[in-house]
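Descriptive structure summary
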Amino acid sequence: MAAAGASLAAAPAPASATVTPLATASGMGPAPGPSPAPAAMALPPDRNARIYVAGHRGMVGSAIVRRLRALGYAHLVTAPRAELDLTDQAAVRAFFAAQPIDAVVLAAAKVGGIHANHTYPADFIADNLAIQCNVIQAAHAAGVQRLLFLGSSCIYPRLAPQPLREEALLTGPLEPTNEPYAVAKIAGIKLCESFNRQHGRDYRSVMPTNLYGPGDNFHPDNSHVIPALLRRFHEAARAGAPEVTIWGSGSPMREFLHVDDMAAASAHVLELPADVYRAHTQPMLSHVNVGTGVDCSIRQLAETIARVTGFGGRLSWDASKPDGTPRKLLDVSRLAALGWRATTPLERGLAQTYRWFLENEASLRA
Ligand SMILES: NC(=O)c1ccc[n+]([C@@H]2O[C@H](COP(=O)([O-])OP(=O)(O)OC[C@H]3O[C@@H](n4cnc5c(N)ncnc54)[C@H](OP(=O)(O)O)[C@@H]3O)[C@@H](O)[C@H]2O)c1
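The numbers attached to residues start from 1 for each chain and follow its sequence in the written order. Local features are withheld for residues below a pLDDT of 70 in this predicted model, meaning they are given only at 70 or higher, and side-chain atom pairs are given and counted only at 80 or more; totals for whole chains, interfaces and linings count all residues.

A closer look at the overall build of the protein chain
Put simply, the rule reads: Segments assigned H or I by DSSP are reported as helices when at least four residues long, segments assigned E as strands when at least two residues long, and all are numbered from the N terminus. Buried, partly exposed and exposed are defined by the number of other C-beta atoms within 10 Å of a residue's own C-beta, namely 20 or more, between the two limits, and 12 or fewer respectively, with C-beta atoms placed from the backbone. With C-beta atoms placed from the backbone, a contact is any residue pair whose C-beta atoms sit within 7 Å.
Helix and strand counts for the protein chain come out as 11 helices and 13 strands. Going through the 366 residues of the protein chain one by one, you find that 43% of them count as buried. Taking the intrachain contacts of the protein chain between residues at least 6 apart in sequence as the baseline, contacts between residues at least 24 apart amount to 85%.

Structure below.
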């Protein structure tokens, strides 16, 4: 995930097919004069739907924009943070009031690893609560009927049974290292459910497992396991190093999903008819896990990354370093029942990500 406040230096060109001039907090609104007749609402899968993707420069948001464009959506609305700070309630309201939006994908969040979560817990809870409240409330006020909120598998209790089912939510204490972030994500799910219950909205939530792929944060000290290992093995291979040492025993089991699969799953869930989504969820248990349903050991992961990067040396394990939780795997049967399964095998996804890393090495996010 991104370092706190990191920007995506290798960001794709502004991805919007339609970028409407922004209203600002200073009160700029629609032009004076008689209001135009409101345009008819078009909901996905109608390709005329005007979909606002919040966080379109992030790893996940940019993949969702690529996916929606590939599906033929021609009216995507985006706004970079420099023009629309989503923690600014008045600015978010003005943005929604200034243009027609039919559906929202909320992929903007303050995201970070253990170190960032430990150092900035107040920012992680306050910024994420503010972004979610502002976007969801403003979407509702503007009459947006459908919204997709992106959470995270860290919403589940630390000791919940594996694989993690949606029903495990709020059944026990959270992992303390990212509890403030997780509480904000849980609040996001509950915001969606509450607007559905009180106002008849169709606000949905997806909870992805660990993601990787193009646009990831490859920072040497502050990145997740896949980009960190890709970079270290790449550098070791280039230097002809005889050995790479990895923290822990290599035995923990983890699940990894390619970000393009995440984008495909997000589009799939966004496009589901309302009655289908409702039939597979409950009003107060409405989120859907997104993962592969398959895990691998950190040792298998490292061996695969060594192959992908062409590192021919030894792997050694520093078992004096902590392993973390032994296993973290999502139960993806709800998503499978909704008609979607991941398709990118880990080795293929890693090879594609490594190619992207090589092509963008000079401009990776800080
Ligand atoms: N990456 C993972 O492994 C993972 C796993 C599970 C869930 N998720 C979820 O997926 C979503 C996207 O994550 P990601 O990995 O794509 O993170 P990311 O790469 O850091 O992207 C986050 C995006 O949110 C934007 N943003 C943050 N604060 C903002 C603000 N105040 N105003 C406007 N925009 C703001 C960022 O803008 P800038 O470009 O200006 O920074 C960036 O475009 C998050 O909800 C995250 O919880 C990610």
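Regarding helix H5 (residues 179-199)
Our working definition: Given a helix with a known number of residues, its expected span is that number minus one, times 1.5 Å.
The end-to-end C-alpha separation of H5 is 29 Å, in line with the 30 Å expected for 21 residues at 1.5 Å each. For H5, the complete set of buried residues consists of Pro180, Tyr181, Ala182, Ala184, Lys185, Ile186, Gly188, Ile189, Leu191, Cys192, Glu193 and Asn196. Buried residues in H5 make contact with helix H3 (114-119), helix H4 (121-141), strand E4 (146-150), strand E5 (202-208) and strand E10 (287-290). The positive-phi residue at the C-terminal boundary of H5 is Gly200, with phi of around 70°.

Topic: unusual backbone geometry
With omega at 15°, the peptide bond leading from Pro44 into Pro45 counts as cis. Locating Pro45 in the fold gives a position in the segment before strand E1 (51-54). Positive phi outside glycine occurs at Leu170, with the angle close to 60°. The topology assignment puts Leu170 in the loop between E4 and H5.

Some thoughts on the sheet that holds strand E11 (residues 296-297)
For clarity, the cut-off: Pairing between two strands requires that DSSP report at least two bridges joining them.
Pairing is mixed across the open sheet formed by three strands, whose spatial order is E11-E8-E13. The sheet terminates laterally at E11 and strand E13 (327-328), the two strands that pair on one side only.

Points about the confidence of the model for the protein chain
Applicable threshold: For every residue, the predictor reports its confidence as pLDDT, a number between 0 and 100.
For the protein chain, per-residue confidence averages 90 on the pLDDT scale, and 89% of positions sit at 70 or higher. Across residues 1-36, confidence stays below pLDDT 50; counting only partners more than four residues off in sequence or on other chains, it has 86 contacts.

Remarks on the sheet that holds E10
Taken in spatial order, the six strands make up an open sheet running E2-E1-E3-E4-E5-E10, and their pairing is parallel. What marks the edges here is a single partner per strand, and that holds for strand E2 (76-77) and E10. Bridge analysis of E5 against E10 gives four bridges, and the strand direction is parallel. Bridge pairing in E10 links Pro208 to Val290.

Here's the deal with the environment of Val294
Mapped onto the fold, Val294 is located in the loop between E10 and E11. The spatial distance from the C-alpha of Val294 to the C-alpha of Leu257 is 9.5 Å, given a sequence separation of 37 residues.

Some details on the environment of Ser152
Looking at where Ser152 falls in the secondary structure, it is placed in the loop between E4 and H5. Residues Ser152 and Ile186, 34 residues apart in the sequence, show an inter-C-alpha distance of 9.0 Å. Not counting chain neighbours up to four residues away, the residues in contact with Ser152 comprise Lys185, Met207 and Pro208.

Regarding the nonpolar core
Formally: A set of buried residues qualifies as a nonpolar core if it consists of Ala, Val, Leu, Ile, Met, Phe, Trp, Tyr and Cys joined through C-beta atoms within 7 Å.
With 93 residues, the main nonpolar core has Ile51, Ala54, Val104, Val105, Leu106, Val135 and Leu147 as its most contacted residues. Top element by residues in this core is helix H7 (residues 259-271). It accounts for eight residues.

Description of the environment of Ile131
Mapped onto the elements of the fold, Ile131 is located in helix H4. A residue is classified by how many C-beta atoms lie within 10 Å of it, and Ile131, with 23 of them, is buried. Taking C-alpha positions, Ile131 is 9.1 Å from Val92, a pair spaced 39 residues apart along the chain. Those residues in contact with Ile131 that lie beyond four places of it in its chain are Leu86, Thr87, Ala108 and Ala109.

Some words on helix H11 (residues 346-359)
Over its 14 residues, H11 runs 20 Å from end to end, which matches the ideal 20 Å to within 8%, given 1.5 Å per residue. On its buried face, H11 sits against strand E6 (210-212), helix H6 (225-239), strand E9 (256-258), E11 and helix H9 (298-309).

A short note on the packing of H6 against H9
Applied cut-off: Helix axes use the C-alpha atoms of the stretch in contact, all axes being lines fitted to C-alpha atoms, and the angles between their N-to-C directions lie in the range 0 to 180 degrees. For classification, angles of less than 35 degrees are called roughly parallel, those exceeding 145 degrees roughly antiparallel, those between 65 and 115 degrees roughly perpendicular, and all remaining angles oblique. When the near helix sits turned anticlockwise from the far one by under a right angle, the crossing is termed left-handed; a clockwise turn instead gives a right-handed crossing. Under this grouping Gly is polar, as are all residues other than the nonpolar Ala, Val, Leu, Ile, Met, Phe, Trp, Tyr, Cys and Pro and the charged Asp, Glu, Lys and Arg.
Between H6 and H9, the shortest axis-to-axis distance is 9 Å and the interhelical angle comes to 45°. It follows from the interaxial angle that H6 and H9 lie oblique. Between H6 and H9 lies a crossing of right-handed hand. Of H9, the residues touching H6 (which contributes Val225, Leu229, Leu230, Phe233, His234 and Ala237) are Ile298, Ala302, Ile305, Ala306 and Thr309. Residue classes in the contact of H6 with H9 are distributed as nine nonpolar, two polar and no charged.

So, the pairing of strand E7 (residues 243-247)
Residues Val244 and Ile246 line the buried face of E7, whereas the alternating positions Glu243, Thr245 and Trp247 sit on a face that is not buried. Sheet analysis places E7 next to strand E12 (residues 314-318), joined by five bridges and oriented parallel. Residue pairing in the sheet places Trp247 in a bridge with Asp318 of E12.

Considerations on the packing of helix H2 (residues 89-97) against H4
Running from amino to carboxyl end, H2 crosses H4 at an angle of 35°, the nearest separation of the two axes being 9 Å. Judged by the twist between their axes, the crossing of H2 over H4 is right-handed. Packed against H2, whose contacting residues are Gln89, Val92, Arg93 and Phe96, the element H4 presents Asn134, Val135, Ala138, Ala139 and Ala141 at the interface. Its residues placed into classes, the contact of H2 with H4 shows six nonpolar, two polar and one charged.

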